[in-house]
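# Report on the structure
The lines below spell out each chain.
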Amino acid sequence: MRLQYRLEKLTEYMSHIDIKDLELKRYIRRGYDNTTEEGKWRLERHTLENFATWVVSHEPSSIRSLMDSIHYLFVPNKFREKRSPLLGQGLFTQIKDIMQESRTNMCNLQQSLQQLLYNLYNSVAITELKGYAMMQFSWMLLRLYEKGNFTVESELMHERYQERIIQKVAALKEAMKTAERAMWRCDPRRHSEGQTYIEVTRLLQGHIQNEGDMNSENTCKQNCAYYSYARSHGCYDNLFCPYQQQSCNGELKNCEFITSHIWVCQEDSRSVRRYKWIEYDNGPIFGKKSSCNRGTTKVDSWQRGFYHCSYCFCLCDEKGPKSDRYFNLREVKADVANNKVVTGLRFVKKNRVIHLQIQEAGLLPRGGINMTSVQWRPVDDYRISDYNVHNGMDYHTLSWEQRAIDLDDLVAPEGSVLTGVRFRRVGTHLNLEIMITPLNFTAGTLDKPHQKSKWYRNNIREPRKELPIYKPDVPTLTKEGSVIDSRSDQFLLFTHSDINEDAAQTTVPFLDAQSVAPEPPMLLSGAGIYHKGHPGYGGFIGLKVMTYDFKSHLNIVTEDHVN
């Protein structure tokens, strides 16, 4: 509440200065005749004199007083000559502390916390510059009207303006030291496939298979648990297999026996799912039972001589046209030859391949971004069946043995910026790398990008720890917001949804497809992959970016504003 009150006061003070600045601009634009050599004011002298007198007066609502009020909101006791116990900490530190205490809300900022503080400083500095210009103009006008000399007042105001900038920058640097530079996205209000999330499909999926079909002899001498790894060898002597809408032509894993009599609600053959739900006699219901458009199918185990031919519930690992399990391994780089950098990231799926897509933009002096050049760079348009496109080189294929993805935060050393990203394979893991390039901050140029750019990775020496996902339901079904539950140096396995909740029909986690691009765009110095979720749901693998640390360049910014 205290922060909200102070921010409301700041908005009020800044709005008053902006309004008066616009008013002065109107006076100059409409009230001054510059058609003659000496020029002439068309406004009445009283109007201008009254305005100028008010601007530099000591009234609580004057520009002079408003600038004082803004300054004291930001500069804590530590940076003031005369300290007051009533004023407490400055706004920069207060915003930083409160936002980092409630970290789950930071994904609503659309920028990193450090970027927020830096942008707030720039907004305030511009407002104060307007106020300073109005005061100097007012003294000049009053001098012209022979109301006094005002030379000392003008000099004192300039000195005070310099002091304020130095004090505010000191307070900003103090807050930026510990302000988080990562930016990520909250869950959207509504999920939309392809827009807010992407699915890996049919990596491991629940499938019903009779044990007599899982060996070449078509015998039932074993039991379901025996088949930890198997394949379908046909539809021998049973009633359900020929009528399955979608058979498993891949590998069958971790089979188990549930019960002998089953009611199955199959999905349409066009669906990625095999079953809508499965109900066992006197047993559990797998999935969420509802109406069955195709009608249910009764499935009964049977006896063959001395052996019981059981129906098993297995996991099907099958590559095919319905299984989107491919990740692009090609480099994704900004156009560094034309002085462009990465300003955003997102996941996209094209031709069943999941890509890292970058937003790029031109670089300007002092860390600026050319807003007219901001664009999303098109991803490579290839298919896994194309000539000269190879698994392990152009793309990575997930499978039972190779379905791990590393969770890392990668931050470039000071003075370098993000210019590219890519996935690589490390053993059976999918691993993120970033390309970093040294920056000439003052000139706004990349330092010999073709020579000095390099790929940067997390060369962890200790074994990574797995982030387990327990009994996960479909991520989009949760009514609670996802929160980050991973940390750097972990890894996560793509797996199937919970058998009881979803009949293991969905591959989880999903990938968050929302754009991770600070608004307004700014330099980045890192990127990361994390997992966010809610207990009982599969969650999302998301991307994060780390904004550039301007802290070391604030002295240059101070000089610019003072000059």
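Below you will find a few notes about this structure. (Residues numbered from 1 in each chain as written. Predicted model: local features only at pLDDT ≥ 70, side-chain atom pairs only at ≥ 80, totals over all residues. Heavy atoms only, no water.)

## Focus: the overall build of the protein
The cut-off we apply is this: Helix and strand labels come from DSSP, where a helix needs a run of H or I of at least four residues and a strand needs a run of E of at least two; each type is numbered from the N terminus. C-alpha atoms define the radius of gyration in this analysis, and the globule rule sets the expected value at 2.2 Å times the number of residues to the power 0.38. Burial status follows relative accessibility: with a 1.4 Å probe on protein chains alone, a residue under 20% of its type maximum counts as buried, one over 50% as exposed, and anything between as partly exposed.
Looking only at helices and strands, the protein has 9 helices and 34 strands in total. The C-alpha radius of gyration computed for the protein amounts to 32 Å, which surpasses the reference 24 Å derived for 563 residues by more than 25%, pointing to a less compact arrangement than a globule. Dimensions of the protein along its principal axes, counting C-alpha atoms only, are 120 × 50 × 50 Å. A buried classification covers 52% of the 563 residues belonging to the protein.

## Here we look at the pattern of salt bridges
For the record, the criterion: In the sections that follow, a salt bridge refers to a side-chain nitrogen of Lys or Arg positioned within 4 Å of a carboxyl oxygen of Asp or Glu.
This structure, assessed with the given rule, holds 40 salt bridges. Among the ionic pairs, Arg 464 bridges to Asp 408, the shortest N-O distance being 2.6 Å. Of this pair, Arg 464 sits in the loop between β26 (454-456) and β27 (465-466) while Asp 408 sits in the loop between β21 (404-407) and β22 (409-411), and the two are 56 residues apart along the sequence. Under the relative-accessibility criterion, Asp 408 is labelled buried at 1%.

## Points about a positive patch on the surface
Stated formally: For patch detection, residues must exceed 30% relative accessible area and be free of salt bridges, and they are connected within 9 Å for like charges or within 5 Å for nonpolar side chains (Val, Leu, Ile, Met, Phe, Trp, Tyr). We get accessible surface area from the Shrake-Rupley algorithm with a probe of 1.4 Å; when it comes to residues, only the shown protein chains can shield them. In this tally, Lys and Arg are treated as positive and Asp and Glu as negative; His is ignored, and so are the chain termini. A charge is said to be at NZ when it belongs to Lys, at CZ for Arg, at CG for Asp and at CD for Glu.
Taken together, the side chains of Arg 26, Arg 29, Arg 30 and Arg 42 make up a positively charged region of the molecular surface. Exposure remark for Arg 26: the relative accessible area of 46% places this residue in the partly exposed category.

## Considering the sheet that holds strand β5 (residues 205-210)
Pairing between sheet strands relies on hydrogen bonds along the backbone, with the strands arranged either parallel or antiparallel. Quick note on the threshold: In this analysis, strands are considered paired if DSSP registers two or more bridges between them. Axis definition: a line fitted to C-alpha atoms, over the contacting stretch in the case of helices. Angles run 0 to 180 degrees between N-to-C directions.
Spatially, β5-β14-β7-β6 is the arrangement adopted by the 4 strands of the open sheet, whose pairing is antiparallel. Here the strands that pair on one side only, and so sit at the sheet edges, are β5 and β6 (229-231). Neighbouring strand axes in the sheet, compared pairwise and without regard to direction, differ in orientation by 45° on average. Where β5 lies against strand β14 (residues 311-317), 6 bridges are found, and the strand directions are antiparallel. When the bridges of β14 are listed, Gly 206 appears paired with Leu 315.

## A look at the packing of aromatic side chains
Definition in use: Pairing of aromatic rings covers Phe, Tyr and Trp, the last through its six-membered ring, and needs centres within 6.5 Å; plane angles under 30 degrees mean stacked, over 60 mean edge-to-face, and all others mean tilted.
Throughout the structure, instances matching the rule amount to 18 aromatic pairs. Ring geometry for Phe 327 and Phe 494: centres 6.0 Å apart, planes at 45°, overall tilted. With Phe 327 in strand β15 (residues 326-328) and Phe 494 in the loop between β29 (490-493) and β30 (495-496), the pair connects residues that are 167 residues apart, well separated along the chain. Across the pair, Phe 494 and Phe 327 agree in class, each one buried. Members of the aromatic cluster, joined through ring pairs, are Tyr 118, Phe 441, Tyr 548 and Phe 550.

## What about the environment of Gly 250?
Defined as follows: Contact criterion: two residues are considered in contact whenever any of their non-hydrogen atoms come within 4.5 Å of each other.
Relative to the assigned elements, Gly 250 resides in the loop between β6 and β7 (251-257). As for Gly 250 and Ser 232, which are separated by 18 residues in sequence, their C-alpha atoms are 7.8 Å apart. What Gly 250 contacts, discounting residues up to four positions off in sequence, is Ala 230, Arg 231, Asp 317 and Glu 318.

## So, the nonpolar core
Note that soluble globular proteins tend to have their nonpolar side chains buried in a common cluster. Here is the rule: Among buried residues, the Ala, Val, Leu, Ile, Met, Phe, Trp, Tyr and Cys ones that are joined through side-chain atoms within 4.5 Å form a nonpolar core.
Counting 71 residues, the largest nonpolar core has Leu 10, Ile 63, Phe 74, Phe 92 and Leu 523 as its most contacted members. Going through the elements one at a time, α1 (2-31), α2 (45-55), α3 (63-74), α4 (91-101), α5 (113-144), α6 (151-176), β18 (353-364) and β24 (429-440) are the ones with two or more residues in this core. The element that contributes the greatest number of residues to this core is α5, accounting for 14 residues.

## Comments concerning the pairing of strand β8 (residues 261-266)
Alignment of β8 against strand β11 (residues 297-300), held across 4 bridges, turns out to be antiparallel. Pairing of Ile 262 across the sheet is with Val 299, part of β11. Where β8 lies against strand β9 (residues 275-280), 5 bridges are found, and the strand directions are antiparallel. By the bridge assignment for β9, Cys 265 is matched with Trp 277.

## Quick look at the environment of Val 341
For Val 341, the position within the fold is in strand β17 (residues 340-350). Measuring from C-alpha to C-alpha, the distance between Val 341 and Pro 378 comes to 15 Å, with 37 residues separating the pair along the chain. Ignoring anything within four residues of it in the chain, the contact list for Val 341 reads Ala 334, Gln 359, Glu 360, Ala 361, Leu 363, Ile 369, Val 417, Leu 418, Thr 419, Leu 446 and Leu 523.

## Quick notes on the packing of α3 against α6
Put simply, the rule is: Note that the term roughly parallel is reserved for angles under 35 degrees, roughly antiparallel for angles over 145, roughly perpendicular for angles of 65 to 115, and oblique for everything else. For any helix crossing, the convention is left-handed if the near helix is rotated counterclockwise from the far helix by under a right angle, and right-handed if that rotation is clockwise.
The geometry of α3 relative to α6 is characterised by a closest axis approach of 10 Å and an angle of 20° between their N-to-C directions. Relative to α6, α3 is oriented roughly parallel. Crossing of α3 over α6 shows left-handed handedness. Here α3 contributes Arg 64, Met 67, Asp 68, His 71, Tyr 72 and Phe 74 to the contact with α6, which in turn contributes Met 157, Arg 160, Arg 164, Gln 167, Lys 168 and Ala 171.

## Some remarks on the pairing of β24
Each regular strand shows side chains that alternate between the opposite faces of the sheet. Most of β24 sits out of view: 10 of its 12 residues are buried. Direction of pairing for β21 relative to β24: parallel, over a ladder of 2 bridges. In the sheet register, Ile 405 faces β24, and the bridge partner there is Leu 430. One ladder, built from 10 bridges, connects strand β23 (residues 416-426) with β24; its direction is antiparallel. Looking at β24, one finds that Gly 420 is bridged to Met 435. In this antiparallel pair of consecutive strands, β23 and β24, the connection spans 2 residues, and Gly 427 shows a positive phi of 65°. Alignment of β24 against strand β25 (residues 445-446), held across 2 bridges, turns out to be antiparallel. In the sheet register, Leu 439 faces β25, and the bridge partner there is Leu 446. Between β24 and the antiparallel strand that follows it, β25, lie 4 residues; Gly 444 among them carries a positive phi value of about 75°.

Just distances and angles here, no functional claims.
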